[in-house]
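Coordinates in review
Listed below, chain by chain, are the residues.
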Amino acid sequence: QVQLVESGGGLVQAGGSLRLSCAASGFTFSDYAMGWFRQAPGKERELVAARSRSGGGTYYTDSVKGRFTISRDNVNNAVYLQMNSLKPEDTAVYYCAADHGWMATIPDEYEYWGQGTQVTVST
């Protein structure tokens, strides 16, 4: 069956770094754009970054540009989110998701979801 399994979350001080990983299985990974979403308490789920099927296209929300980098490995069916210069406002549950289209920005367009990993940035 389809699985997306995130890892790498945790507690980090402001200014620190974390690298999230998402291992995919059960579908043809290279046929899907991949995105990282986050959801903070009381807020809507938002797209943080996305990478196209081949990896040639990327999207970043404005608040993470220059700090976060999304990458994917179509051989090992994985997607990563390198997060640098973390801020307290980056605190959220982070989800990876798969989109059969072209890097959609709204959650409803994504077909498959992981269970999420908590990222907490302290001051």
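Data block above holds the structure.
Here is a short report on the structure shown in this document.

Criteria and thresholds
- Residues numbered from 1 in each chain as written.
- Predicted model: local features only at pLDDT ≥ 70, side-chain atom pairs only at ≥ 80, totals over all residues.
- Heavy atoms only, no water.
- Helix = DSSP H or I, 4+ residues; strand = E, 2+ residues; numbered from the N terminus.
- Buried < 20%, exposed > 50% of the residue type's maximum accessible area, 1.4 Å probe, protein only.
- Contact = heavy atoms within 4.5 Å.
- Pairing = 2+ DSSP bridges.
- Axes fitted to C-alpha atoms, helices over the stretch in contact; angles between N-to-C directions.
- Salt bridge = Lys/Arg side-chain N within 4 Å of Asp/Glu carboxyl O.
- Polar contact = N/O pair within 3.5 Å; in protein donor to acceptor, adjacent residues only side chain to side chain.

1. Brief notes about the side chain of Thr 61
Looking at where Thr 61 falls in the secondary structure, it is placed in the loop between β6 (58-60) and β7 (68-73). Here Thr 61 falls in the buried class, since its relative accessible area comes to 14%. The contact partners of Thr 61, leaving out residues within four places of it in the chain, are Glu 46, Leu 47 and Val 48.

2. Focus on unusual backbone geometry
Phi at Ser 85 is positive, roughly 50 degrees, even though this residue is not glycine. Residue position: Ser 85 is located in the loop between β8 (78-83) and β9 (92-99).

3. Quick look at the sheet that holds strand β3 (residues 18-25)
The four strands lie next to each other as β1-β3-β8-β7, forming an open sheet whose pairing is antiparallel. Every interior strand has two partners, whereas the edge strands, β1 (3-7) and β7, have only one. Geometrically, the sheet is characterised by an average inter-axis angle of 15 degrees between neighbouring strands, direction not taken into account.

4. A short note on the pattern of salt bridges
In the structure shown here, the tally under the stated rule is four salt bridges. The closest approach of N and O atoms between Asp 90 and Arg 67, which form a salt bridge, is 2.8 Å. Taken together, the positions of Asp 90 in the loop between β8 and β9 and Arg 67 in the loop between β6 and β7 put the pair 23 residues apart, joining distant regions of the chain. We classify Asp 90 as buried; its relative accessible area is 0%.

5. Some thoughts on the side chain of Arg 38
Of note, Arg 38 is situated in strand β4 (residues 33-39). Arg 38 gets classed as buried once you look at its relative accessible area, which sits at 7%. Here the side chain of Arg 38 touches Glu 46 through a polar contact of 2.7 Å, side chain to side chain. A distance of 3.3 Å separates polar atoms of two side chains, one belonging to Arg 38 and the other to Ser 63. Not counting chain neighbours up to four residues away, the residues in contact with Arg 38 comprise Glu 44, Arg 45, Glu 46, Val 48, Ser 63, Val 64, Phe 68, Glu 89, Asp 90, Ala 92, Val 93 and Tyr 94.

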